[in-house]
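# Breakdown of the fold
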Amino acid sequence: MPSKRLSVVVTRRLPEVVETRLSELFDVTLRSDDSPMTRGELVDAVRSADVLVPTVTDQIDAGLIGQAGERLKLIANYGAGFDHIDVSTARSRGILVSYTPGVVTEDTADMVLALMLGVTRRLQEGITVMQKGDWSGYAPTALLGGRLGGKRLGILGMGRIGQAVARRAQAFGMQIHYHNRRRLRPEVEEPLEATWWESLDQMVARMDMISVNCPSTPSTYHLLNARRLKLMKPSSVIVNTSRGEVIDENALTRMLKAGELAGAGLDVYAHGIQGNPELRDMPNVVMLPHMGSATYEGRLEMGEKVIINVKTFADGHRPPDQVVPSML
């Protein structure tokens, strides 16, 4: 790349310290408000910029990349996933893609446990009682939930986040089980006292709780489909902080309505922000607006990784967090 400052377009508002540092290093175009870019604005961005910094709300598909100008050479995603970017098309155009792995691990794992507790201890129902002023005092049989200790937890996807969930669940006294494409190495598996299931069907049928922690890929689309959900025990709870597309949300909704599952904790939805509206009225469902990585620390670390990726590229090197074909 030439020595002049790179033209960088950022698609959403980022933490102020991140925007300031980007402005110090590059010729940056920032958003004046926190609304997502329109399709037209994204087209203008890829036509004019050297580097695009999108987020999960931006669909960087083949059609958009096909309209990119010759200047665009890096898509530096602000986020730990990249399924919203057509990486193959970008590569075919000579455009590198980077992301921010690792920074959301601990925060997302915290949220998994928060959702587990929220559902099993009926926190949403208790909050509603207090907000409505309906609490008449302590009663031995009111709002009884269940404890986590002793329960079997099945983790779907035992990568960084799955392992962080396992460590936390272990501290709560849960029994750890997991399904993964590959079994963990003994030195990773043994400290977690985790049991690997080659068969997902067999695992889900035996668990008290399922935590979805796998990425969204063609092979994980509706991995928990209607048939697999039917294998779960009626007393079991499912938590999803990964991607909504991994679960057949309509089938999940039907089963929760029919009492065929005990509850669900959801931070992601099949159609972006449009979760099945019937879920909102269920007392045994805790729904959050994609808050899994929403900590000050996590969002600043994301920004730092974006800056490192762009600066490394500007200095003539490949970004340290480049997405490579083996990851697709």
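Let me sum up the structure you'll find in this document. (Residues numbered from 1 in each chain as written. Predicted model: local features only at pLDDT ≥ 70, side-chain atom pairs only at ≥ 80, totals over all residues. Heavy atoms only, no water.)

### With respect to the environment of glutamate 24
Definition in use: Helix numbering and strand numbering both begin at the N terminus, where a helix is a DSSP run of H or I of at least 4 residues and a strand a DSSP run of E of at least 2. Any pair of nitrogen or oxygen atoms within 3.5 Å is treated as a polar contact; in protein, a donor-acceptor pairing is required on top of that, and neighbouring residues in sequence qualify only through side-chain atoms on both sides.
When you line up the elements, glutamate 24 lands in helix H1 (residues 16-25). Within the structure, the side chain of glutamate 24 is placed 2.9 Å from the side chain of arginine 21, a separation counted as a polar contact.

### Quick word on helix H2 (residues 39-48)
We apply this condition: Relative accessibility decides the category of a residue: with a 1.4 Å probe and only protein chains considered, values under 20% of the type maximum give buried, values over 50% give exposed, and everything between is partly exposed. Our arc is simply the arc of the directions from the helix axis toward the C-beta atoms. Any two residues having at least one pair of non-hydrogen atoms within 4.5 Å are treated as being in contact.
Taken as a whole, H2 has its buried residues at Leu42, Val43, Ala45 and Val46. All buried residues of H2 fall inside an arc of 160° around its axis, so they share one side. Lining the buried residues of H2 we find strand E1 (7-10), strand E3 (51-53) and helix H3 (62-65).

### Things to note about the sheet that holds strand E5 (residues 96-98)
Backbone-to-backbone hydrogen bonds join strands into a sheet, with any given pair of strands oriented parallel or antiparallel. Rule in force here: For two strands to pair, DSSP has to find at least two bridges joining them. Only the stretch in contact is used when a helix axis is fitted, and all axes are lines through C-alpha atoms; the angle between N-to-C directions ranges over 0 to 180 degrees.
What the five strands build is an open sheet, ordered E2-E1-E3-E4-E5; its pairing is parallel. For this open sheet the edge positions go to strand E2 (27-29) and E5, each flanked by a neighbour on one side alone. Recorded for the sheet is a direction-independent mean angle of 20° between the axes of neighbouring strands. Bridge count for strand E4 (residues 74-76) against E5 is three bridges, and the pairing is parallel. Following the sheet pairing, leucine 74 is matched in E5 by leucine 96.

### Observations regarding a nonpolar patch on the surface
Put simply, the test is: Candidates for patches are residues over 30% relative accessible area with no salt bridge; among them, like charges are joined within 9 Å and nonpolar side chains (Val, Leu, Ile, Met, Phe, Trp, Tyr) within 5 Å. For every accessible area listed, the method is Shrake-Rupley and the probe measures 1.4 Å; residues are considered covered only by the protein chains on display. Should a side-chain nitrogen of Lys or Arg be within 4 Å of a carboxyl oxygen of Asp or Glu, the pair is scored as a salt bridge.
A cluster of nonpolar side chains, contributed by Met130, Trp135 and Tyr138, occupies part of the molecular surface with about 460 Å² of accessible area. With respect to the element layout, tryptophan 135 can be found in the loop between helix H6 (123-132) and strand E6 (152-156). Residue tryptophan 135 is classed as exposed on the basis of its relative accessible area of 54%.

### Looking at the packing of aromatic side chains
Ring pairs (aromatic) are described by centroid distance and by the angle formed between their planes. For the record, the criterion: Working definition: a ring pair exists when centres of Phe, Tyr or Trp rings (six-membered ring for Trp) sit within 6.5 Å. Plane angles under 30 degrees give stacked, over 60 give edge-to-face, the rest tilted.
If you walk through the whole model with that rule in mind, you get one aromatic pair. With a centroid separation of 5.1 Å and an interplanar angle of 80°, the aromatic rings of phenylalanine 82 and tyrosine 99 are classed as edge-to-face. Of this pair, phenylalanine 82 sits in the loop between E4 and helix H4 (87-92) while tyrosine 99 sits in the loop between E5 and helix H5 (105-120), and the two are 17 residues apart along the sequence. The two residues phenylalanine 82 and tyrosine 99 agree in class, both being buried.

### Digging into the pattern of salt bridges
With the rule as written, the count across this model stands at 21 salt bridges. Here aspartate 34 makes a salt bridge to arginine 12, at a shortest N to O gap of 3.5 Å. Here aspartate 34, found in the loop between E2 and H2, pairs with arginine 12, found in the loop between E1 and H1; they are 22 residues apart in sequence, far enough to count as distant. You can call aspartate 34 partly exposed: its relative accessible area is 46%. Judged by its relative accessible area of 14%, arginine 12 falls in the buried class. Arginine 243 serves as the salt-bridge partner of aspartate 83, at 3.1 Å between the closest nitrogen and oxygen. Taken together, the positions of aspartate 83 in the loop between E4 and H4 and arginine 243 in the loop between strand E10 (237-240) and helix H11 (249-257) put the pair 160 residues apart, joining distant regions of the chain.

### Side note on the sheet that holds E10
Spatially, E8-E7-E6-E9-E10-E11-E12 is the arrangement adopted by the seven strands of the open sheet, whose pairing is parallel. In the strand order of this sheet, the two ends are held by strand E8 (194-196) and strand E12 (285-287), each with one partner. Across this sheet, the average inter-strand angle for adjacent strands is 15°, counted without regard to direction. Summarising the sheet, strand E7 (residues 175-179) and E8 pair through three bridges and their orientation is parallel. If you follow tyrosine 178 over to E8, its bridge partner there is tryptophan 196. Its contacts with the sheet place helix H7 (residues 160-171) against E6, E7 and strand E9 (209-212), and it is angled at close to 170° to E6.

### Concerning the packing of H5 against H7
Filter applied, for reference: Throughout, the term roughly parallel applies to angles under 35 degrees, roughly antiparallel to angles over 145, roughly perpendicular to angles from 65 to 115, and oblique to all others. Take the far helix as your reference; a near helix turned counterclockwise from it by less than a right angle gives a left-handed crossing, and one turned clockwise gives a right-handed crossing. Residue type decides the class: Asp, Glu, Lys and Arg count as charged, Ala, Val, Leu, Ile, Met, Phe, Trp, Tyr, Cys and Pro as nonpolar, and the leftover types, Gly among them, as polar.
In contact at an axis separation of 8 Å, H5 and H7 are set at 50° when each is read in the N-to-C sense. Put simply, H5 runs oblique to H7. Here the hand of the crossing between H5 and H7 comes out right-handed. Contacts between H5 and H7 pair Thr105, Glu106, Thr108, Ala109, Asp110, Val112, Leu113 and Met116 from the former with Arg160, Ile161, Ala164, Val165, Arg167, Arg168 and Ala169 from the latter. A class-by-class count of the residues in the contact of H5 with H7 yields eight nonpolar, two polar and five charged.

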